[in-house]
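# What the coordinates show
One letter stands for each residue in the lines below.
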Amino acid sequence: MIVAKPTWDDNIRDLINAPPWVAEDRRAEFIRHLASAFQSHCIDMASYISVRNGAEKIYHFMVSQHLLNPAAPKDFWPFEVQETFRLWINQGCRKTSGCDFIRTQNIQPPELPIQISRTRLDIASMDQIELDQYRAEIDAAMTAPLPDIQSIWQRFASQHHKWYPMDIRQIPMWYRAFMLHFESETGISIPYWDWTAAWMSDGDNLCPRAPQAFLDEYYVHPETGKELRNPLRFALQNLFGTERQDKNGSRSTMLFAPFKLSPKTVENRSRKLAALQGPLSELIEGSCLNSPSGQRTDGLALFGHLIAQAGEWAGFQMRPTSLSALDPLFLSLCANSDRLLETWLNSMPNLKIQSCAPLHPFIGPTASQMSETCRASWRYTSVAQMAQASRALDYQYGLPEARPYRPSLKNSPLKIDSHLALENSPSPPSTAPRVLNGLPQHPVN
């Protein structure tokens, strides 16, 4: 609650020195950290005179979340506390209720949150109107303007075929740049297929089950009202006019016909994916890596393995020569991998990825352009530029429809590769940020 006429004795002193929004078991540590941080700015948080003299600086640090313990972002000052402190400053930093109101400063309210252009929704949460609109957009992207010219969909699939990275650590950021450029060119926000949902689990394995949106044969075009073939299912036929039969009949014309795999293949690939899911959960929740190469490198490599294993598990060919990107399901699968990557990046606020490795053929800090002939490596989008929070790249994720699948760690090997060994010990208490739009996010004011 915002206090309309705050004073030091009645409100501000307790808000600063005994913050009620911080859990009791962390309150003492939070106060010590705060006192130490402001002491470096010559501000004694227990002294009325010192706080009054540095009130404007304290307020700016409050709003910008500066000088707070990044390991516990849930302890950030709530908006109500910020506004109470701002009113206290504008009313003259009164010590008691008997003091006069003196308007010495007029600090304006904080800026409104930045509007994000694109939101990637869970495809299972989309209503019929949103789903049909997405199908119509995919239909338009698959349609070539002339018979002898590639459609924009085919052109992007060709780029995937040509520029798929060889370094496993670049794969997560390369796919982020790939989807960003696709969305920028087409105006389509790619919904994610949450293949980590609990309803897809079978014991300690994940079972590849396509969402119903990819199984429907027809949809109604939102503008013309005509009933058309579902491009999410008939991708191959829409692009090439040919049809590939699936003997199991699950998706009769899907490009690579996933989900018609033999039970033994599904079991083997599910086991590999489950073996990655356990370490991935520990990585996101804050477990330490033993690898001497450091947390940053191993984390990116783990996500690179995750994308490859998830793609193979769903039946796609995960190699540079494949044309998996022609299938809309593949992009939704990669979008979910990027969502998990975003979760990890937001749970590690101290993580610094400074690699300048170029991600060909994308150019610019947001991969808004593309060039296949540029020789100036500094112009290309870098790994570090893609390692920002998704909101800094102008997109965000919607809430998942179902709770995530958690494999049994006792049945999953913790050693993924020779350079990806996780510490086999109990995880420390979770200090994940608050959940916003389906992902841990720092508050945006």
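Given the structure is predicted, the values throughout are model-derived calculations rather than measurements. (Residues numbered from 1 in each chain as written. Predicted model: local features only at pLDDT ≥ 70, side-chain atom pairs only at ≥ 80, totals over all residues. Heavy atoms only, no water.)

## Some thoughts on the packing of aromatic side chains
Rule in force here: The pairing test for Phe, Tyr and Trp rings, Trp by its six-membered ring, is centres within 6.5 Å, and the orientation test on the planes gives stacked under 30 degrees, edge-to-face over 60, and tilted for anything in between. When a residue's accessible area, from a 1.4 Å probe over protein chains only, is under 20% of the maximum for its type it is buried; when over 50% it is exposed; and in between it is partly exposed. Secondary structure elements are taken from DSSP: a helix is a run of H or I of four residues or more, a strand is a run of E of two residues or more, and numbering for both begins at the N terminus. Criterion for a charge above a ring: Arg CZ or Lys NZ at most 6 Å from the ring centre, at most 35 degrees from the ring normal.
Counted by the stated rule, this structure contains 19 aromatic pairs. Here the aromatic rings of Trp-174 and Tyr-175 are separated by 5.4 Å at their centres, their planes lie at 85°, and the arrangement is edge-to-face. Using a relative accessible area of 2% as the deciding quantity, one classes Tyr-175 as buried. Between the aromatic rings of Tyr-175 and Phe-330, the centroid separation amounts to 6.0 Å while the plane-to-plane angle is 65°, which identifies the pairing as edge-to-face. Highlighted residues: Tyr-175 in helix 8 (residues 171-186) and Phe-330 in helix 12 (residues 328-347), separated in sequence by 155 residues. Members of the aromatic cluster, joined through ring pairs, are Trp-153, Phe-156, Tyr-164, Trp-174, Tyr-175, Phe-178, Phe-182, Phe-330 and Phe-362. Stacked on the ring of Phe-101, the Lys or Arg Arg-94 has its end atom at 4.0 Å from the ring centre. Here the guanidinium or amino end of Arg-229 rests over the ring plane of Phe-234, the centre of that ring lying 4.6 Å away.

## Quick notes on the packing of helix 1 (residues 8-17) against helix 5 (residues 79-90)
Rules: Here an axis means a line fitted to C-alpha atoms, over the contact stretch when the element is a helix, while the angle between two N-to-C directions is reported on a 0 to 180 degree scale. Small angles under 35 degrees read as roughly parallel and large ones over 145 as roughly antiparallel, with 65 to 115 read as roughly perpendicular and the rest as oblique. Handedness of a helix crossing follows the sense of rotation of the near helix relative to the far helix, less than a right angle counterclockwise being left-handed and clockwise being right-handed. Residues are treated as being in contact if the distance between any of their heavy atoms lies within 4.5 Å. Each residue is assigned to one of three groups, with Ala, Val, Leu, Ile, Met, Phe, Trp, Tyr, Cys and Pro labelled nonpolar, Asp, Glu, Lys and Arg labelled charged, and all others, Gly among them, labelled polar.
It is the contact of helix 1 with helix 5, at a shortest axis distance of 11 Å, that shows an interaxial angle of 135°. The pairing of helix 1 with helix 5 is recorded here as oblique in orientation. The crossing of helix 1 and helix 5 is left-handed. Together, Trp-8, Ile-12, Leu-15 and Ile-16 of helix 1 and Val-81, Thr-84, Phe-85 and Trp-88 of helix 5 make up the contact between the two elements. In terms of residue class, the contact of helix 1 with helix 5 is made up of 7 nonpolar, 1 polar and no charged.

## As for helix 7 (residues 152-163)
Selection criterion: Expected span, for any helix, means 1.5 Å times one less than how many residues it has.
With 12 residues, helix 7 should cover 16 Å at 1.5 Å per step; its first-to-last C-alpha distance of 16 Å lies within 8% of that length. Turning to helix 7, its buried residues number three or more, namely Trp-153, Gln-154, Phe-156, Ala-157, Gln-159 and His-160.

## Quick notes on the confidence of the model for the protein
Filter applied, for reference: One confidence number per residue, pLDDT, is output by the predictor and ranges from 0 to 100.
Averaged over all residues, the pLDDT of the protein is 74; the fraction at 70 or higher stands at 69%. This stretch, residues 241-261, has a pLDDT under 50; its non-local contacts, to residues over four places away or in other chains, come to 67 contacts. In this model, residues 408-445 is a region of pLDDT below 50 whose contacts with residues beyond four sequence positions or in other chains number 94 contacts.

## Observations concerning unusual backbone geometry
Glycine aside, a negative phi is what most residues show, and trans is what most peptide bonds show. Residue Pro-361 is reached from His-360 by a cis peptide bond, and omega for that bond is 0°. Secondary-structure assignment places Pro-361 in strand 6 (residues 358-363). The phi dihedral of Ala-367 falls on the positive side, at around 55°, and the residue is not glycine. One can find Ala-367 in the loop between strand 6 and strand 7 (369-370).

## Observations concerning helix 2 (residues 24-39)
Let me state the cut-off plainly: What the arc describes is the spread of directions from the helix axis to the C-beta atoms.
Spanning 16 residues, helix 2 covers 23 Å between terminal C-alpha atoms, matching the ideal 22 Å at 1.5 Å per step. Along helix 2, the positions that sit buried rather than exposed are Phe-30, Leu-34, Ala-37 and Phe-38. The buried residues of helix 2 occupy one face: seen down the axis, they fall within an arc of 85°. With respect to the buried face of helix 2, the exposed residues turned more than 90 degrees away are Asp-25, Arg-32 and Ser-36. Along its buried surface, helix 2 packs onto helix 1 and helix 4 (55-64).

## A look at the pairing of strand 6
The following threshold applies: If DSSP finds at least two bridges between two strands, the strands pair.
In this structure, strand 6 lies alongside strand 8 (residues 380-382), joined through 2 bridges in antiparallel fashion. For Pro-358, the partnering residue across the bridge sits in strand 8 and is Ser-382. As paired elements, strand 6 and strand 7 share 2 bridges and run antiparallel to each other. Of the residues in strand 7, the one forming a bridge with Phe-362 is Met-370. The antiparallel hairpin formed by strand 6 and strand 7 contains 5 residues in its connecting segment, where Gly-364 sits at a positive phi of about 100°.

## A few points about the side chain of Arg-86
Locating Arg-86 in the fold gives a position in helix 5. Excluding anything up to four places from it in sequence, Arg-86 contacts Tyr-59, Ile-107, Gln-108 and Pro-109.

## As for the sheet that holds strand 6
Taken in spatial order, the 3 strands of this open sheet run 7-6-8, and their pairing is antiparallel. Both edges of this open sheet fall to strand 7 and strand 8, since each of them pairs with a single strand only. In this fold helix 8 packs onto strand 6 and strand 7, with an angle of close to 5° to the strand it touches most, strand 6.

## Some remarks on the environment of Glu-372
As a reminder of what qualifies: Polar contact is the term for a pair of N or O atoms within 3.5 Å; when the atoms are in protein, one must be able to donate a hydrogen and the other to accept it, and sequence-neighboring residues count only if both atoms are side-chain atoms.
Relative to the elements of secondary structure, Glu-372 occurs in the loop between strand 7 and strand 8. Judged by its relative accessible area of 37%, Glu-372 falls in the partly exposed class. Glu-372 sits 209 residues away from Trp-163 along the chain, and the two C-alpha atoms are 9.4 Å apart. Ignoring sequence-local partners within four residues, the contact set of Glu-372 consists of Gln-159, Lys-162, Trp-163, Pro-361 and Tyr-380. There is a polar contact of 2.9 Å between the side chain of Glu-372 and the side chain of Lys-162.

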